[in-house]
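Given next are the chains, with one letter for each unit.
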Amino acid sequence: MSTILSPSKPIISTPGAYDFGLKELFPGGKSPTVDIVAIHGLDGHREASFTADNGILWLRDLLPEALPSARILTYGYDARTHGENRARQTMYDVAVDFVARLSAFRIRTRTEDRPLIFIAHSFGGIILKNVSNPIR
């Protein structure tokens, strides 16, 4: 798996890899026409924040039915706000990491020109707002 910021940071993390970074939830069928990227908020998780009590992860389990040509990704970052293990990175650090990972993924998959739709919850929206460079 290729990396973006350092050899220890995969572009798309695998289960158990701290659940940070991008994760593809749905590939978008045979010919995806748009990328949808979800970003969770504070004390959130890239999958759990979008999962109902009944275990349905609506980004993966429901959205593809409505938008079968959309590739669906979710981005996770350390969003802990309580205790000794709370996150130490700045909002800027998270925004830079997000842009770097998403850009690298889209370059690697040759989808730089594909339209993007963002779903951002709470602090995820503030992260997205702080992205100052165009995402390609």
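Our structure is the block above this text.
Cut-off values and rules
- Residues numbered from 1 in each chain as written.
- Predicted model: local features only at pLDDT ≥ 70, side-chain atom pairs only at ≥ 80, totals over all residues.
- Heavy atoms only, no water.
- Helix = DSSP H or I, 4+ residues; strand = E, 2+ residues; numbered from the N terminus.
- Buried < 20%, exposed > 50% of the residue type's maximum accessible area, 1.4 Å probe, protein only.
- Contact = heavy atoms within 4.5 Å.
- Areas by Shrake-Rupley, 256 points an atom, 1.4 Å probe, with all protein chains shown as cover.
- Salt bridge = Lys/Arg side-chain N within 4 Å of Asp/Glu carboxyl O.
- Patch = residues over 30% accessible without salt bridge, like charges linked within 9 Å, V, L, I, M, F, W, Y side chains within 5 Å.

(A) Up close: the overall build of the chain. If you tally the helices and strands in the chain, you get four helices and four strands. Helices (α) and strands (β) of the chain occur, in sequence order from the N terminus, as β-β-α-α-β-α-β-α. Counting only residues that meet the buried cut, the chain has 38% of its 136 residues in that class. Sequence separation of at least 24 residues holds for 74% of the intrachain contacts in the chain that already meet a minimum separation of 6. Total accessible area computed for the chain in this model is approximately 7700 Å², and 55% of it derives from carbon and sulfur atoms.

(B) Structural view of the side chain of His-40. Position of His-40 relative to the elements: it lies in the loop between strand S2 (34-39) and helix H1 (58-61). Ignoring any residue separated from it by four or fewer positions in sequence, one finds His-40 in contact with His-45, Arg-46, Ser-49, Phe-50, Tyr-75, Gly-76, Tyr-77, Ala-79, His-121, Phe-123 and Gly-124.

(C) Fine view of the pattern of salt bridges. Enumeration over the complete set of coordinates arrives at eight salt bridges. Asp-35 is the partner of Arg-114 in a salt bridge, and the nearest nitrogen-oxygen pair spans 2.9 Å. Of the two residues, Arg-114 sits in the loop between helix H3 (91-108) and strand S4 (116-120) while Asp-35 sits in strand S2, which places them 79 residues apart along the sequence. Pair check on accessibility: Arg-114 and Asp-35 agree, each one buried. Salt bridges sharing partners connect three or more residues here, namely Asp-19, Lys-23, Arg-46 and Glu-47.

(D) Spotlight on a nonpolar patch on the surface. Residues Ile-56, Trp-58 and Leu-62 make up a contiguous nonpolar surface patch of about 250 Å² in total accessible area. Structurally, Trp-58 is set in helix H1. The class of Trp-58 is partly exposed, set by a relative accessible area of 33%.

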